[in-house]
Amino acid sequence: MADTQEETVVYLEDIETQVTIPSTQSQGDGSIASTSSQTSSSGTAAVNNKRQRTLMDMFGSQPDKKASAPAAKKLKLSASESALPVIRGMPSGSKNQRLNAIAFSLSQYQESLSLDQRSLLALECAYMGKSWLKVLKDEIKKPYFIALKKFLWEEGVRGPDEIPRSLKVYPSPNNIYAWSNTPLGKVKVVIIGQDPYHGPGQAHGLCFSVPPGVVVPPSLRNIYAEIKTEYPEFDPPKHGHLTPWADNGVLMLNTCLTVRASQAGSHSNKGWEEFTDKVVDIVDKYGGANLGAENLGLGRGVVFLAWGSWAAKRVAKLSKTKHLILTSAHPSPLSAHRGFLGNGHFRAANEWLEQKYGQESKVDWCSLANQK
């Protein structure tokens, strides 16, 4: 046996705190009994060895203040603790596995890839949020996605350290997966877009959003107008930077994640549609997993805002009893007056979220006005 072993990591971006998990023994019925004490930054607390422990029992220790601060909070486990405990009645490998019980080692994953895969998937390993990568790691090895990455390679989108100055694909490679900075278990609302903006400096990985300093696009101006109607206190900002929504649990996902400069739809039918359909499937399974007081680790439903026929098709397969699915015309100036303006979606989303998950789960749609 080698002297050192690769540590297995559980990424806890979806929850607010980190935990130290004690060694455990299975009781043979899917539950776990503790066999050691639990340590926090303030000292060591004795744990009753006979106490049956569930996953939620273990999410009460203090954050590790010495931990590094990447986007993903993470928990390192020893070889004997290579996965979070199995929940009573939840066998390992179950299709209902808790999100926070899915362990993932990035370095182990990279070592499992062929040389070609490692090169082609370097962007995903570098920039995709780890709560997403751990559930999409098999998807991005599928032939269609490898073919997509080969196409993008020819377009000039390569590794994180290989970004040519002459690249004419948007958004920049480091922003293609910016949507995944919203942790999966904290997703409350999904807004479905189509193509990234294809003008210079506009796209940055969140649908409808543009970086600071870029003129607010017409569709986003209509989105602001609708929010103002529903929340009169909203002061529409002079910018179009929607990152505060992403930080608040709004997943802003385009159907195609890249586009050639000045050529709308140029990367359609290359594989992005299949991939983002899978992303929607993942949200269907895990969206809302860590919202509210219960934090069950399983998806209990989110709000989908599907504006326009294209977006409506992406969510047509989803359960209307599990999720709140709101459809209307697109906010484009060409269609906004045919059903987008006056749709009431932003307030309806918050009313549903509050009823399902509590007051603290509502989205602060007006937070944009507080930016400089």
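The rules behind the values
- Within every chain, residues take consecutive numbers counted from 1 along the sequence as written.
- Residue-level local features of this predicted model are given only where pLDDT is at least 70; pairs of side-chain atoms are given and counted only at 80 or more, and the full residue set underlies all totals for whole chains, interfaces and linings.
- Side-chain metrics in this entry use all non-hydrogen atoms of the structure; hydrogen atoms and water are not considered.
- UniProt positions are given in the numbering used here, feature names are shortened, and annotations may be inferred rather than shown by experiment.
- Starting at the N terminus, helices and strands are each numbered in turn, a helix being any DSSP run of H or I of at least four residues and a strand any DSSP run of E of at least two.
- Using a 1.4 Å probe on the protein chains alone, a residue whose accessible area is under 20% of its type maximum counts as buried, one over 50% counts as exposed, and one in between counts as partly exposed.
- For this count, His and the chain ends are skipped, Lys and Arg are scored as positive, and Asp and Glu as negative.
- One speaks of a salt bridge when a side-chain nitrogen belonging to Lys or Arg is within 4 Å of a carboxyl oxygen belonging to Asp or Glu.
- Contacts described as polar in this section are N or O atom pairs within 3.5 Å, which, within protein, must combine one atom able to donate a hydrogen with one able to accept it, while residues neighboring in sequence count only if both atoms come from side chains.
- The contact criterion used throughout is that any non-hydrogen atoms of two residues lie within 4.5 Å.
- Helix span, as expected, comes to 1.5 Å for every residue beyond the first.
- We call a set of buried Ala, Val, Leu, Ile, Met, Phe, Trp, Tyr and Cys residues a nonpolar core when their side-chain atoms join them within 4.5 Å.
- Angular values range over 0 to 180 degrees, each being the angle between N-to-C directions of two axes fitted as lines to C-alpha atoms, with helices fitted over their stretch in contact.
- Note on terminology: angles under 35 degrees are roughly parallel, angles over 145 are roughly antiparallel, angles of 65 to 115 are roughly perpendicular, and the others are oblique.
- A clockwise turn of the near helix away from the far one marks a right-handed crossing, whereas an anticlockwise turn of less than a right angle marks a left-handed crossing.

You'll find the chain entered in an unreviewed UniProt entry as Uracil-DNA glycosylase, with Piloderma croceum given as the organism. Recorded under Catalytic activity (unreviewed entry), the UniProt text for the chain is reproduced unchanged: "Hydrolyzes single-stranded DNA or mismatched double-stranded DNA and polynucleotides, releasing free uracil." Listed under Sequence similarities (unreviewed entry) in UniProt, the entry text for the chain is "Belongs to the uracil-DNA glycosylase (UDG) superfamily. UNG family."

Asks: I'd love a proper account of the side chain of Glu 230, names of residues and values included.
Replies: Topologically, Glu 230 is positioned in helix H6 (residues 218-230). With no salt bridge to any partner, buried Glu 230 finds its closest opposite charge in Arg 347, at an N-O distance of 5.3 Å. Of note is the side chain of Glu 230, whose polar atom sits 3.2 Å from the backbone nitrogen of His 345. If near-sequence neighbours (up to four positions away) are discounted, Glu 230 is found in contact with Asn 343, Gly 344, His 345, Phe 346 and Arg 347.

Asks: Please give an account of H6 that cites residues and values.
Replies: Owing to its 3.6 residues per turn, the α-helix brings residues three or four apart onto one side. Taking 1.5 Å as the rise per residue, H6 with 13 residues should run 18 Å; its terminal C-alpha atoms sit 19 Å apart, in good agreement. Those residues of H6 that fall on the buried side of the exposure criterion are Ser 219, Leu 220, Asn 222, Ile 223, Tyr 224, Glu 226, Ile 227 and Glu 230. Looking at the buried residues of H6, the elements they touch are helix H7 (243-247), strand E12 (303-307) and helix H10 (345-357).

Asks: Describe in detail the pattern of salt bridges, supporting the description with residues and values.
Replies: Applying the stated criterion to the full structure yields eight salt bridges. Among the salt bridges present, the one from Arg 314 reaches Asp 277, with a minimum N-O distance of 3.1 Å. You can see Arg 314 sitting in helix H9 (residues 309-315) and its partner Asp 277 sitting in helix H8 (residues 272-286), a full 37 residues away along the chain. For Lys 317, the salt bridge goes to Asp 281, with nearest N and O atoms at 2.7 Å. Of the two residues, Lys 317 is situated in the loop between H9 and strand E13 (324-328) and Asp 281 in helix H8; the sequence distance between them amounts to 36 residues.

Asks: Please give an account of the nonpolar core that cites residues and values.
Replies: Among the nonpolar cores identified, the biggest contains 86 residues, and Trp 132, Trp 179, Ile 191, Trp 245, Trp 272, Phe 275 and Trp 365 are the most heavily contacted of them. Among the elements that make up this core, the one with the highest residue count is H8 (seven residues). Excluding residues within four positions of it along the chain, Ile 191 makes contact with Cys 207, Phe 208, Trp 245, Val 250, Leu 251, Met 252, Leu 253, Leu 305 and Trp 307.

Asks: Explain the UniProt feature "active site" (unreviewed entry) in the chain to me, using residue names and the numbers behind them.
Replies: Under the present numbering, the feature "active site" (unreviewed entry) in UniProt falls on Asp 195. In contact with Asp 195, other than residues within four places in its own chain, are Asn 254, Cys 256, Thr 258, Val 259, Ala 264, Gly 265, Ser 266 and Ser 268. A polar atom in the side chain of Asp 195 sits 2.5 Å from the backbone nitrogen of Gly 265.

Asks: Can you lay out the packing of helix H5 (residues 143-155) against H8 for me, pointing to particular residues and giving the numbers?
Replies: With their axes 9 Å apart at the nearest point, H5 and H8 run at an angle of 130° to one another. If you check the angle between H5 and H8, you find them oblique. Along this stretch, H5 crosses H8, giving a crossing that reads as left-handed. In contact with Tyr 144, Phe 145, Leu 148 and Leu 152 of H5, H8 contributes Trp 272, Glu 274 and Phe 275.

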